[in-house]
Amino acid sequence: MDWFRIPVGDWVADGFDWVKDNLGGLLDGIDVGLETLVDGLTDALTAVPVLVLVVLFALIGWFVRSWKLGVGTLLSMLFVVAMDMWVPALQTLSLVLIATVITIVIAVPLGVLAARSHVASAILRPVLDFMQTMPAFVYLIPTVIFFSIGVVPGVVSTIIFSLPPGVRLTELGIRGVDREKVEAGQAFGATPRQILFGIQLPLASRTIMSGINQVIMLALSMAVVAGIAGADGLGKIVVSAISTLQVGEGVEAGLSVVVLAIFLDRVTSALGSSTPSRGSLLSLLRRGDRGRAVARAA
Amino acid sequence: MTTAPALRVQNLYKVFGRGAEESVRRLADGASRADIPGTAAVIDASFEVQPGEIFVVMGLSGSGKSTLIRMLNGLLDATSGHVHVGDAELTGAAPAKLREIRRERVSMVFQHFALLPHRTVLDNVAYGLELRGTPVAERTRRAGEVIELVGLAEWRDALPSELSGGMQQRVGIARALAADTDILLMDEAFSALDPLIRREMQDQLLELQATLGKTIVFITHDLNEAMHLGDRIAVMRDGRIVQIGTPEDILTDPANDYVEQFVQDVDRARVLTAGNVMERARVVVSSSAGPRTALKTMRDERASAVYVTSRDRRLVGIVRDRDAVRLVQRGESSLEGVIRPAPHAVAADSPLIDLFVPAVESEVPLAVTDAEERLVGVIPRVTLLAALGPGTTATGELTIPVPPTVIDEVLATSEARATFVDEQDPKTEEAR
């Protein structure tokens, strides 16, 4: 069957070569930009004294959810520190956060577009399917070609891999907004833009937030894979632990990933619920606010 | 009316699906709804709504009424036909022009309220003003006024989710009122509410309307609601308007079997008023007339009592046949001494539901008076009962009068003694 071989791989490789030759400037720009962002954030995080940062994370947990999450965060973060995984954990966190922010910036407008236009939705759907089902490792090859070894191919692959749920849930959220409420906006003479920002996005925020939650989770899983491409962080430790068969180090890095994952998941899912969780600092503050408002009214 | 209509709809069509224009042409040529490929939601609707009028569009689900109302502010494009809001044409208007008409002239109240859950009551009510670019202080002030008007002053900082359904819809109405448009579209505005709350809201709407005088197009599937609110009602069926008329027209003169079937279920007692069913008062004498005239009138009309009016037709009271007989027997010439106060005169605009108790307590046909207390008509009990049933309103008076033979005898002899047949005497029945 040699004569039937379709050289898809060759074509793709040729395509990548063309991109590398012709869009070199753009690629270099992205390379430098992303590296600066991730390294900058890592430097900023590591510059903060360890305990201060741990307490800060704990406060975030309390602020958005409950004191229990605060205490849990405090203990689990100290656990990471005690395993001497704090710096790689921060490196991974930086990668995840930067990748997530960029993903959201791309995914939400795409989701809005897909929600508004059936054509855009029909085009995006198979593309997103492709992006989500393609084995994650495959993204590393072209990104390493474009950006060479380091953190940037990690970030770019992470963005590609975690983009689909962001787009999908944004589209779903906006399409799910009660038709009558959108009509209300139209009926009072709102422009499409005013309807998007005043009605659709606020009402879809819950669904969009759960999309962002998934984006973060996928980004974290990909960030570990990104270790293969040489991105500093927990992933790199896992990869080197595999290659040198060091069980202990691998488990320590893996546990740190788990700690990060739980923290990020709980915080973002708490932000996604429409009302702040009871017992969170946020809801306490809001209740105080309303109490004062009511008292004023009386 | 001589004023220009607030809203004018001409030959409006809405067909969903492919080949809509072609379908409209065929419908206009007389094709039925089943003959065309798409779904014809509204077929050849034409009507005018006058300023200050409550125009109700009534129909069952699927009759096209929701589609119709959405074409009145351009939420849906008309397939064919014209909608004029005042002097501006809505159909075919550019998006910016359309938004301007919606901001300035037409607001809407929705079935499920469609409040924005992340905004407080105040911010929801101020929404229309905000879109119009009214400065914050001004819109807060005006929204506050309207909130007070609908009785939600203490809830202005609450979120919609903290309010009951009826209160939420009052916010919906306040939002539409605050936009200060001449025209208000209300799409099944009270259908999602409990019956008791619905009634209360209807009354509140009528109260507001009495002071504000908006032009309201109200969509409903509830005929009682339509009859209660509407100055005029358009009945829709399968996309077509089958009848437009006042509630009384629809009720007493249904255009076809469909409307007739529909109005069978209506609570006529709440729709029809004393003025609708009253009959000409024939058993009336002037207060200057003597007892003989009164007695003759009663005999001619076979009534047991007669209404007495002053010279300017104001109702003075009633005189009963027995009293008149006694006067004639005594040979007196004035009714003065025996005029009794008229029991329960009712106003012409009272609904029938309010007439039953007075009718039961009154031994004579119920007197209907106008604002100057002039006697304009009477309602015999039979008429009241007959008005509740569909069909004929022909009635007679059931109150059994003194038989004419007896009266003749009395008049002829004018003697001191006369025999009476008791009203309950079965012989009287035979006599009739």
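Here, every reference points to the structure presented above.
Since we're looking at a predicted model, the values are computed, not measured.

### Here we look at the overall build of chain B
Reasoning step 1: Tallying secondary structure elements over chain B gives 19 helices and 16 strands in all.
Reasoning step 2: Since a compact globule built from 432 residues should have a radius of gyration of about 22 Å, the 29 Å found for chain B marks it as more spread out than a globular shape.
Reasoning step 3: For chain B, the C-alpha atoms occupy an extent of roughly 90 × 55 × 40 Å along the three principal directions.
Reasoning step 4: By the burial criterion, 50% of the 432 residues in chain B qualify as buried.
Reasoning step 5: For chain B, restricting intrachain contacts to residue pairs at least 6 apart in sequence, the fraction spanning at least 24 positions comes to 64%.
Reasoning step 6: Entry remark: accessible area of chain B is about 20,000 Å², with carbon and sulfur atoms responsible for 47%.
Reasoning step 7: The distance from the centre of the 48 positive side-chain charges to the centre of the 63 negative ones in chain B is 2 Å.

### A word on the overall build of chain A
Reasoning step 1: Broken down by element type, chain A carries 13 helices and 0 strands.
Reasoning step 2: Its C-alpha atoms put chain A at 80 × 55 × 35 Å along the principal axes.
Reasoning step 3: Relative to its 298 residues, chain A shows a buried fraction of 44%.
Reasoning step 4: A fraction of 76% describes how many contacts in chain A between residues 6 or more apart in sequence connect residues 24 or more apart.

### Things to note about the pairing of strand β16 (residues 375–379) of chain B
All names here are of chain B.
Reasoning step 1: By the criterion of burial, β16 is predominantly enclosed, with 4 of the 5 residues buried.
Reasoning step 2: Here strand β15 (residues 366–369) pairs with β16 via 4 bridges, running antiparallel. Bridged to T369 within β16 is L375.
Reasoning step 3: In this structure, the hairpin formed by β15 and β16 is closed by a connection of 5 residues, where E373 is found at a positive phi of approximately 65°.

### Here's the deal with the environment of L163 of chain A
Residue and element names in this part refer to chain A.
Reasoning step 1: For L163, the position within the fold is in helix α8 (residues 151–175).
Reasoning step 2: In this structure the C-alpha to C-alpha distance between L163 and I242, which are 79 residues apart in sequence, comes to 28 Å.
Reasoning step 3: Setting aside anything within four residues of it in sequence, one finds L163 in contact with T103, I106, A107 and M131.

### What about the pattern of salt bridges?
Oppositely charged side chains may form a pair once their charged atoms are brought near each other.
Reasoning step 1: What the rule picks out here adds up to 28 salt bridges over all chains.
Reasoning step 2: Note that D265 of chain A and R266 of chain A form a salt bridge whose closest N and O atoms lie 2.6 Å from each other.
Reasoning step 3: Between R141 of chain B and E145 of chain B there is a salt bridge, and its shortest N-O distance comes to 2.6 Å. With R141 of chain B and E145 of chain B both in helix α6 (residues 136–149), this residue pair falls 4 residues apart, about one helical turn.
Reasoning step 4: For R141 of chain B, a relative accessible area of 44% puts it in the partly exposed group.
Reasoning step 5: E145 of chain B gets classed as partly exposed once you look at its relative accessible area, which sits at 46%.
Reasoning step 6: Residues joined in a network through salt bridges with shared partners are E138, R141, R142, E145, D180 and K214 of chain B.

### Regarding the sheet that holds strand β2 (residues 39–49) of chain B
All names here are of chain B.
Reasoning step 1: Here 4 strands make up an open sheet; going across it, the order is β2-β1-β4-β5 and the pairing antiparallel. Each edge of the open sheet is held by one strand with a lone partner, namely β2 and β5 (88–89).
Reasoning step 2: Direction of pairing for strand β1 (residues 7–16) relative to β2: antiparallel, over a ladder of 7 bridges. Across the sheet, L7 pairs through a bridge with V49, a residue of β2.
Reasoning step 3: Across the face of the sheet, helix α1 (residues 20–28) comes into contact with β1, β2 and β4 (80–85) while running at roughly 115° to β1.

### Some details on a negative patch on the surface
Residues and elements named next belong to chain A.
Reasoning step 1: Residues D10, D14, D17 and D21 make up a contiguous surface patch of negative charge.
Reasoning step 2: Here D21 is to be found in helix α1 (residues 8–22).
Reasoning step 3: Judged by relative accessible area, D21 falls into the exposed class, the value being 64%.

### Quick look at the interface of chain B and chain A
Reasoning step 1: Contact residues are listed per partner, giving 27 residues for chain B and 19 residues for chain A.
Reasoning step 2: Between chain B and chain A, a total of about 1,900 Å² is buried, with carbon and sulfur atoms accounting for 60% of that surface.
Reasoning step 3: Interface area lost by chain B to chain A is led by R99, Y127 and L131 of chain B, which between them contribute 24%.
Reasoning step 4: Summed over the shared surface of chain B and chain A, the number is 1 salt bridge.
Reasoning step 5: Counting every contact that joins chain B to chain A gives 6 residue pairs in polar contact (both at pLDDT 80 or more).
Reasoning step 6: Of all elements in the fold, only α3 (95–104), β6 (106–109), α5 (127–132) and α7 (165–178) of chain B reach the threshold of two or more residues within the side of chain B that touches chain A.
Reasoning step 7: The residue inventory of the side of chain B that touches chain A, partitioned by class, reads 14 nonpolar, 6 polar and 7 charged.

### Structural notes on the environment of D222 of chain B
Residue and element names in this part refer to chain B.
Reasoning step 1: Inspection of the secondary structure assignment puts D222 in the loop between β8 (215–220) and α9 (223–229).
Reasoning step 2: The exposure class of D222 is buried, given its relative accessible area of 19%.
Reasoning step 3: It is 23 Å that separates the C-alpha atoms of D222 and L115, two residues lying 107 residues apart in sequence.
Reasoning step 4: In terms of polar contacts, D222 uses its side chain to reach the side chain of R198, at 3.2 Å.

Each value, and the rule that gives it
Residues numbered from 1 in each chain as written. Chains lettered and ligands numbered in written order. Predicted model: local features only at pLDDT ≥ 70, side-chain atom pairs only at ≥ 80, totals over all residues. Heavy atoms only, no water. Helix = DSSP H or I, 4+ residues; strand = E, 2+ residues; numbered from the N terminus. Rg over C-alpha atoms; globule rule 2.2 N^0.38 Å. Buried < 20%, exposed > 50% of the residue type's maximum accessible area, 1.4 Å probe, protein only. Contact = heavy atoms within 4.5 Å. Areas by Shrake-Rupley, 256 points an atom, 1.4 Å probe, with all protein chains shown as cover. Lys, Arg positive; Asp, Glu negative; His and termini not counted. Charge placed at Lys NZ, Arg CZ, Asp CG, Glu CD. Pairing = 2+ DSSP bridges. Salt bridge = Lys/Arg side-chain N within 4 Å of Asp/Glu carboxyl O. Axes fitted to C-alpha atoms, helices over the stretch in contact; angles between N-to-C directions. Patch = residues over 30% accessible without salt bridge, like charges linked within 9 Å, V, L, I, M, F, W, Y side chains within 5 Å. Buried area = accessible area lost by both parts, 1.4 Å probe. Polar contact = N/O pair within 3.5 Å; in protein donor to acceptor, adjacent residues only side chain to side chain. Nonpolar A, V, L, I, M, F, W, Y, C, P; charged D, E, K, R; others polar.

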